[in-house]
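In case you want the letters, here they are:
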Amino acid sequence: MAIIVEGRIFGLIALLVITGSIVYYMQKAYSGKIPKLRRLQAVDVIDEILGRCVEMGRPAYYLMDTVSMDTPSILAPTVAAFQILAYTARRAAHLGSKFFVPVTQGLAYTIASEVVDEAYKAENKQDELKLEETVMYLPDGADRMYIINHMWSDEMAGAFFLGSWYHKAVIFTENAARVGAMMLGGTDTTHNIPFLVAICDYSLIGEELYALGAYLSEDPTVSASLAGQDIGKYIAALLIILGSILITIGMDIKGLLSM
Amino acid sequence: MSDRLTKMQIPIILTAIIGILMIIEFFFPMPTAMTSLNVTLRSFVTIISAAALILGTLVLTIYHGKKVGTKSSEWYYSIIYIAAFVITAGLGVINVRDTTFLWIYNNMTSPIGAALYSLTAFYITSAAYRVLRARNWNSAVLLVCALIVLLMLIPVGAILFPPVVPIGTWIRSIPSGAGFRGMIIGTSLGIMGLGVRVFTGRQKEHLGIREERRKE
């Protein structure tokens, strides 16, 4: 019997190398060597959107779409969206912008409430916060009509579409565009990235969402794991180049990959 | 047992053990008993995630209850919610296979969901109109590529303009495919990073716990 399942040796090696580099950078961060993250333009866009909302006296919507906390592929962008929410809610509290965060999942609702509550407390503006109206639980399905209806009645001036987005990306961004809202969109769901990029005024593509979350949260663990992930990217780029060369010179690498 | 141990340490240790078990099962041949244990553990996910729904439903019911109690704006819609919730949940609790309960699901919940989903078709059309305008060089390239791919996908397009088939196939499999793979690699690495943070207890959002760790 084989020790490793056939065709998965390369996967295992890649997993060990990338996980090892993430753990290495995390250990380095604990000893005080935190990797520096580049400031993304989206940070200024958040302020710009909230500033616009204050000037116009209209609210900003922070939408996260699917926030299922038990699916790994959804948890990653959802965590990033919460990290960005913490900063955005704090800036909204500071600037005095009206803010609305609808959430479609129980656990995510609890976290979002806590994040917004903490943000207003940090700015010493908890008196201005009506938590039940700011963070609202809406059942998945019913949320579409509620949000669309309120987008129009509130005449929202700004919107954030961050997290794991699926078909609702088109519905909400199109309505927001018609209302005339300024939008920041970002998702890692590949089939919906084009919609957010095309419709939103500013967008975050794929893992830029994680980078923005890490930058804004100032969490050394997240910054360190981003640095570790970069090693994975270098390996991927190297393998792509190597694979292209080997195939071009006529070598059959299929057998190598199915080891 | 201390509160921290039950609320944080035990769930983190359990998450790490079960997660590592799943990874081991993927890479190494395992005895049948171990594989069936992993299958059972995976079925727990469905049960536990259903429990999270209770919290959300409770919050929503309290919100609407308060709205009716204080007669705030549009409170009458809240009565509809409460009535629908009581009837549906009541029938479901009595007998989930009951025909009335199934009738509500098949003839009300399901069509409403489908109708809401179908909204996408209308918005995608107007979104396409908004996007596909040649405002600059970038959007002009997007417009041309989108036209070629659309023509390729509709049956009449290939008959009217046969070259759109090879060009469209090339656009989808080479430039578009390469771009998407880059995104998928980035996203997958992000998920790996999250996995490491979850297993080492540095990320606790999945437990409903949020901690701020800002650098000094």
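Summarised in this report is the structure supplied together with it.

Conventions and cut-offs
- Residues numbered from 1 in each chain as written.
- Chains lettered and ligands numbered in written order.
- Predicted model: local features only at pLDDT ≥ 70, side-chain atom pairs only at ≥ 80, totals over all residues.
- Heavy atoms only, no water.
- Contact = heavy atoms within 4.5 Å.
- Buried area = accessible area lost by both parts, 1.4 Å probe.
- Salt bridge = Lys/Arg side-chain N within 4 Å of Asp/Glu carboxyl O.
- Helix = DSSP H or I, 4+ residues; strand = E, 2+ residues; numbered from the N terminus.
- Nonpolar A, V, L, I, M, F, W, Y, C, P; charged D, E, K, R; others polar.
- Patch = residues over 30% accessible without salt bridge, like charges linked within 9 Å, V, L, I, M, F, W, Y side chains within 5 Å.
- Areas by Shrake-Rupley, 256 points an atom, 1.4 Å probe, with all protein chains shown as cover.
- Core = buried A, V, L, I, M, F, W, Y, C linked by side-chain atoms within 4.5 Å.
- Buried < 20%, exposed > 50% of the residue type's maximum accessible area, 1.4 Å probe, protein only.
- Expected span 1.5 Å × (residues − 1).
- Polar contact = N/O pair within 3.5 Å; in protein donor to acceptor, adjacent residues only side chain to side chain.

With that settled, consider the interface of chain B and chain A. Note on interface size: it is often stated as the accessible area lost on association of the parts. Taken together, the contact pairs 51 residues of chain B with 76 residues of chain A. Counting the surface lost from both chain B and chain A, the interface buries some 5,700 Å², and carbon and sulfur atoms represent 70% of this. The interface formed by chain B and chain A contains 1 salt bridge. Salt-bridge contacts for B:K66 lead to A:E132; the nearest nitrogen and oxygen are separated by 2.9 Å. Elements represented by at least two residues in the side of chain B that touches chain A include exactly helix 1 (3-27), helix 2 (32-70), helix 4 (99-131) and helix 8 (175-199) of chain B. With 14 residues, the single largest contributor to the side of chain B that touches chain A is helix 8 of chain B. Residue classes in the side of chain B that touches chain A are distributed as 27 nonpolar, 14 polar and 10 charged.

Another point: a nonpolar patch on the surface. There is a patch of nonpolar side chains on the surface, built from A:I241, A:I245, A:I249 and A:M251 and spanning about 420 Å² of accessible area. Relative to the assigned elements, A:I249 resides in the loop between helix 10 (220-248) and helix 11 (254-257).

With that out of the way, let us pick up the nonpolar core. Formed by 58 residues in total, the largest nonpolar core has its most connected members in A:Y62 and A:L184. With 12 residues, helix 3 (residues 72-95) of chain A is the single largest residue contributor to this core. If you look at the next biggest cluster of nonpolar residues, it comprises 30 residues, including A:I147, A:I148, B:L116 and B:V131.

With that out of the way, let us pick up helix 5 (residues 137-153) of chain B. Residues and elements named next belong to chain B. An ideal rise of 1.5 Å per residue puts 24 Å on 17 residues; helix 5 measures up with 24 Å between its terminal C-alpha atoms. Where helix 5 is concerned, the buried positions are S139, A140, I148, V149 and M152. Packed against the buried residues of helix 5 are helix 7 (164-173). Sitting at the head of helix 5, N136 places a side-chain oxygen 3.2 Å from the backbone nitrogen of N138.

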